[in-house]
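A look at the structure
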Amino acid sequence: MKIYKKVVLAYVFLMLGCLAIMVYLYKKITISNIMVENYTDEELRLYRKMWDSVLSGIEGEHRQILVYMIIFWSVIFIIGLIFLWLVYIKEIKPVMEMKDFAAEIARGNLDVELPIHKDNMFGTFTESFDLMREELKASKIREMEADNAKRELVGEMSHDLKTPVATIKATCEVLDVRLKRYLKELEETEEQDISYEKKNLIGGVNDLIEKNGYIMNKSETINSLVQDVFHANLDDLEGIKVSPEETVSTVIEETFLKLKDYGNIILTNHIPECLVFIDRLRMEQVIDNVISNSYKYAGTDIYVTFENVDRGDNQRFIKLKIQDKGPGVSEEDLPLITNKYYRGKESKEKPGYGLGMYLVKWYMEKQHGDIDYYNDGGFVVELFIAKV
């Protein structure tokens, strides 16, 4: 393109130079008077009259020649410009279009289309290039869909594994307490009363305690690995699929009835029966995160209350209030707990990544709901679930 511009400028300057030379040569053409020293006065008067007439005719012809020269120059100049324009249209423009097309493809913009001109130098290739673009676009879409499916699968697996791992861990903790209590009772027996069978029994109990501890450690390792995978997946959180749909509200109450590993959860009333707009899996994750936080940081009974709420402008919700009786969240940390990876001072000694409340807020917003949280005799989370 730079070479083409230089050629156009060179042509324009060349033609302007030619015009200047023509004007200069025209001005150089003069008609000299013949020597008149030997003419008489009468002859001189007659000569001057004839000279004026001849000179007038010659000047007219000169002007006409100048006009013809300018017209000829203009025709040549315009023809040259037209020729250069045709060269641009037929040869230069297709190259520029191909260059811009390649640049857009390199930037990842696969929506740009390459104009197809069958009569230019790339006419036979443009259709193939466009087919290549369409195939690249389809391939990219398939890759994105596979990526989204992978992230969604990781999110679902993380949630699905979390509950059974927590159940295994809780069962092992209960079993550990009972085995140690039973072992203590056996060891309190006086040595002379301990039979050979009891000694074997004590050894067996010790062995069970050791193996139970091994299972507990491994379950904690699995839990950490699951959290690490889910944590890595959160860098592309926007790719996690949230598909809210009309669902019977009673499934939310059923979710609480399944949570048997987080202490005593008290439902103070039943949820109003209606249709709500939720993604059932994501709503289970929201409830699980809120309840597990209360169980981990408060360690008290957890009270759940359902209530119909009308915020006006046709915004109708079911308010799900979850409250524990713990110390609550410090006023300094309270405004920040829904920030990604944020962990308050009280949580430093507890395992976690600072993602629980962040995910709760993100999932609720994706389901056209809302969240509020505050301290009131413990920590309170209010989930506003959109009604149909």
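Structure: above.
What counts as what
Residues numbered from 1 in each chain as written. Predicted model: local features only at pLDDT ≥ 70, side-chain atom pairs only at ≥ 80, totals over all residues. Heavy atoms only, no water. Helix = DSSP H or I, 4+ residues; strand = E, 2+ residues; numbered from the N terminus. Contact = heavy atoms within 4.5 Å. Areas by Shrake-Rupley, 256 points an atom, 1.4 Å probe, with all protein chains shown as cover. Salt bridge = Lys/Arg side-chain N within 4 Å of Asp/Glu carboxyl O. Buried < 20%, exposed > 50% of the residue type's maximum accessible area, 1.4 Å probe, protein only. Axes fitted to C-alpha atoms, helices over the stretch in contact; angles between N-to-C directions. Parallel < 35°, antiparallel > 145°, perpendicular 65-115°, else oblique. Left-handed = near helix turned anticlockwise from the far one by under 90°. Nonpolar A, V, L, I, M, F, W, Y, C, P; charged D, E, K, R; others polar. Core = buried A, V, L, I, M, F, W, Y, C linked by side-chain atoms within 4.5 Å. Pairing = 2+ DSSP bridges. Patch = residues over 30% accessible without salt bridge, like charges linked within 9 Å, V, L, I, M, F, W, Y side chains within 5 Å. Lys, Arg positive; Asp, Glu negative; His and termini not counted. Charge placed at Lys NZ, Arg CZ, Asp CG, Glu CD. Phe/Tyr/Trp six-rings, centres within 6.5 Å; stacked < 30°, edge-to-face > 60°. Lys NZ or Arg CZ within 6 Å of the ring centre and 35° of its normal.

Overview of the overall build of the chain
- Of regular secondary structure, the chain possesses seven helices and seven strands.
- For the chain, the share of sequence-separated contacts (at least 6 apart) that also reach a separation of at least 24 residues comes to 70%.
- Entry remark: accessible area of the chain is about 24,900 Å², with carbon and sulfur atoms responsible for 59%.

Comments concerning the pattern of salt bridges
- Per the stated rule, a full pass over the model turns up seven salt bridges.
- Between Lys-180 and Asp-176 there is a salt bridge whose closest N-O contact spans 3.2 Å. Of this pair, Lys-180 and Asp-176 both sit in helix α3 (residues 123-187), four residues apart, roughly one helical turn.
- Given the relative accessible area of 14%, Asp-176 is considered buried.
- Lys-319 is the partner of Glu-382 in a salt bridge, and the nearest nitrogen-oxygen pair spans 3.7 Å. Of this pair, Glu-382 sits in strand β7 (residues 379-386) while Lys-319 sits in strand β5 (residues 316-324), and the two are 63 residues apart along the sequence.
- Residue Glu-382 is classed as buried on the basis of its relative accessible area of 8%.
- Take Lys-319: its relative accessible area is 15%, and that puts it in the buried class.
- Among the ionic contacts, a cluster of salt bridges with common partners joins Glu-254, Arg-280 and Glu-284.

Considering the side chain of Arg-282
- You can see Arg-282 is positioned in helix α6 (residues 280-297).
- For Arg-282, a relative accessible area of 0% puts it in the buried group.

Side note on the environment of Gly-299
- Within the secondary structure layout, Gly-299 lies in the loop between α6 and β4 (302-310).
- For Gly-299 and Asn-264, which are 35 residues apart along the polypeptide, the C-alpha to C-alpha distance reads 9.4 Å.

Regarding the packing of α6 against helix α7 (residues 356-366)
- At a closest axis distance of 9 Å, the pairing of α6 and α7 adopts a crossing angle of 150°. Judged by the angle between their axes, α6 and α7 are roughly antiparallel. The hand of the α6/α7 crossing is left-handed. Counting all contacts with α6, which are made through Arg-282, Met-283, Gln-285, Val-286, Asn-289, Val-290 and Asn-293, the residues of α7 involved are Gly-356, Met-357, Leu-359, Val-360, Tyr-363 and Met-364.
- Along the lines of polarity and charge, the residues of the contact of α6 with α7 split into eight nonpolar, four polar and one charged.

Side note on the nonpolar core
- Ile-252, Phe-256, Ile-291, Leu-320, Ile-322 and Leu-383 are the most contacted members of the largest nonpolar core, which totals 38 residues.
- Looking at this core, the elements that each hand over two or more residues are α5 (250-258), β3 (275-278), α6, β4, β5, α7, β6 (370-375) and β7.
- It is α7 that provides the largest number of residues to this core, a total of seven residues.
- When neighbours within four sequence positions are excluded, Phe-256 is seen to be in contact with Ile-265, Leu-267, Ile-287, Ile-291, Val-304, Phe-306, Leu-320 and Ile-322.

Some thoughts on the pairing of β5
- Counting buried positions over the nine residues of β5 gives seven, a clear majority of the element.
- As paired elements, β4 and β5 share nine bridges and run antiparallel to each other. Counted as the bridge partner of Asp-310 is Arg-316 from β5.
- Counted along the chain from β4 to the antiparallel partner β5, the turn is five residues long, and its residue Gly-312 has a positive phi close to 85°.
- Bridge count for β5 against β7 is seven bridges, and the pairing is antiparallel. Bridge assignment links Lys-321 to a residue of β7, and that residue is Glu-382.

Topic: a positive patch on the surface
- A cluster of basic side chains, namely Lys-2, Lys-5, Lys-6 and Lys-99, defines a positive patch on the protein surface.
- Of the residues forming the positive patch, the biggest block, three residues, is contributed by helix α1 (residues 2-28).
- Here Lys-6 lies in helix α1.

Describing the packing of aromatic side chains
- Counted according to the given criterion, the structure contains four aromatic pairs.
- For the ring pair Trp-73 and Phe-77, a centre distance of 5.1 Å and an interplane angle of 5° mean the geometry is stacked. Within this pair, Trp-73 and its partner Phe-77 are both found in helix α2 (residues 41-106), separated by four residues, close to a single helical turn. As far as burial versus exposure is concerned, Trp-73 and Phe-77 are alike and both buried.
- Measuring from centroid to centroid gives 6.1 Å for Phe-256 and Phe-306, while their planes differ by 75°, and the two rings are edge-to-face. Residue Phe-256 is found in helix α5, and its partner Phe-306 is found in strand β4; the two are separated by 50 residues along the sequence.
- Residue Phe-306 is classed as buried on the basis of its relative accessible area, which comes to 4%.
- Over the aromatic face of Phe-384 sits the side chain of Arg-311, whose NZ or CZ is 4.0 Å from the ring centroid.
- Lys-325 extends its terminal NZ or CZ atom over the ring of Tyr-303, reaching a point 5.5 Å from the ring centre.

Fair warning: the whole summary comes from geometry, so function is off the table for now.
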